[in-house]
Amino acid sequence: MRCLREKLRQANLTLQTNYTEPTVNYQQRGGTAGTAWLQHWEIRLNPVLLQENQQAFIDEVVPHELAHLLVYARFGRVAPHGKEWRWMMESVLQVPAKRTHRFAVQSVQGKTFTYLCDCQRHELTIRRHNRVLRGETEYRCRRCGKILRYDVRNSI
Ligand SMILES: [Zn+2]
Ligand SMILES: [Zn+2]
């Protein structure tokens, strides 16, 4: 995964370390997007949710799990989303530190997907959501004019 490699390179440069690339597999099941297996230096990703939320995985899930591994390598066992993890996310990986990384299992027709603009929440149908994911279109809020962004956190 290119995003993983890039974030790891960024961390190694910043921290002046030489951490190796973790193993990535796709054995995560259920409603969890991903998990970090500290001692195995391994990230497990959910293949169903990855398929449906590719950009969110690149932007959030992969850095989130990578940060858990890097924190473990540098600090040992500390609180999972404590100050070390937040520092790793924000100062080293330069990704907003959101704790939540669970998605709803979205394979269900009729479910809506939460998007945000600057002023309110929007619920998009799966058809519209997939068009956004495929990069075919963007939707704008009629009130504030901002492009709607998929909100991972509210899609639990
Ligand atoms: Zn976490
Ligand atoms: Zn708006």
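Rules of the game
Residues numbered from 1 in each chain as written. Chains lettered and ligands numbered in written order. Predicted model: local features only at pLDDT ≥ 70, side-chain atom pairs only at ≥ 80, totals over all residues. Heavy atoms only, no water. Donors = N, O, S within 2.8 Å, 3.2 Å for Na, K, Ca; no water. Tetrahedral: all angles 85-135°; square planar, octahedral: opposite > 155°, others 65-115°. Helix = DSSP H or I, 4+ residues; strand = E, 2+ residues; numbered from the N terminus. Buried < 20%, exposed > 50% of the residue type's maximum accessible area, 1.4 Å probe, protein only. UniProt positions renumbered as here; feature names shortened; annotations may be inferred.

Details of the coordination of the zinc ion (ligand 2)
- Donor atoms from the polypeptide that bind the zinc ion (ligand 2) are Cys-117 (SG), Cys-119 (SG), Cys-141 (SG) and Cys-144 (SG), placed at 2.2 to 2.3 Å.
- Taken together, the 4 donor atoms surrounding the zinc ion (ligand 2) define angles of 104 to 121 degrees at the centre, an arrangement classified as tetrahedral.
- When the donors of the zinc ion (ligand 2) are listed by position in the chain, the intervening gaps give C-x1-C-x21-C-x2-C. Taken together, the positions of Cys-119 in the loop between β4 (113-116) and β5 (121-124) and Cys-141 in the loop between α5 (126-133) and β6 (149-150) put the pair 22 residues apart, joining distant regions of the chain.
- Residue classification places Cys-119 among the partly exposed positions, given a relative accessible area of 33%.

Re the UniProt feature "active site" (unreviewed entry) in the protein
- Mapped onto this numbering, the UniProt entry annotates "active site" (unreviewed entry) at Glu-65.
- Residue position: Glu-65 is located in helix α3 (residues 54-75).

Observations concerning the coordination of the zinc ion (ligand 1)
- The protein atoms donating to the zinc ion (ligand 1) are His-64 (NE2), His-68 (NE2) and His-81 (NE2), with metal-donor distances spanning 2.1 Å.
- The sequence pattern describing where the donors of the zinc ion (ligand 1) fall on their chain is H-x3-H-x12-H. Highlighted residues: His-64 and His-68, both in helix α3, separated by 4 residues, approximately one helical turn.
- Classification of His-64 as buried rests on a relative accessible area of 2%.
- Residue classification places His-68 among the buried positions, given a relative accessible area of 13%.

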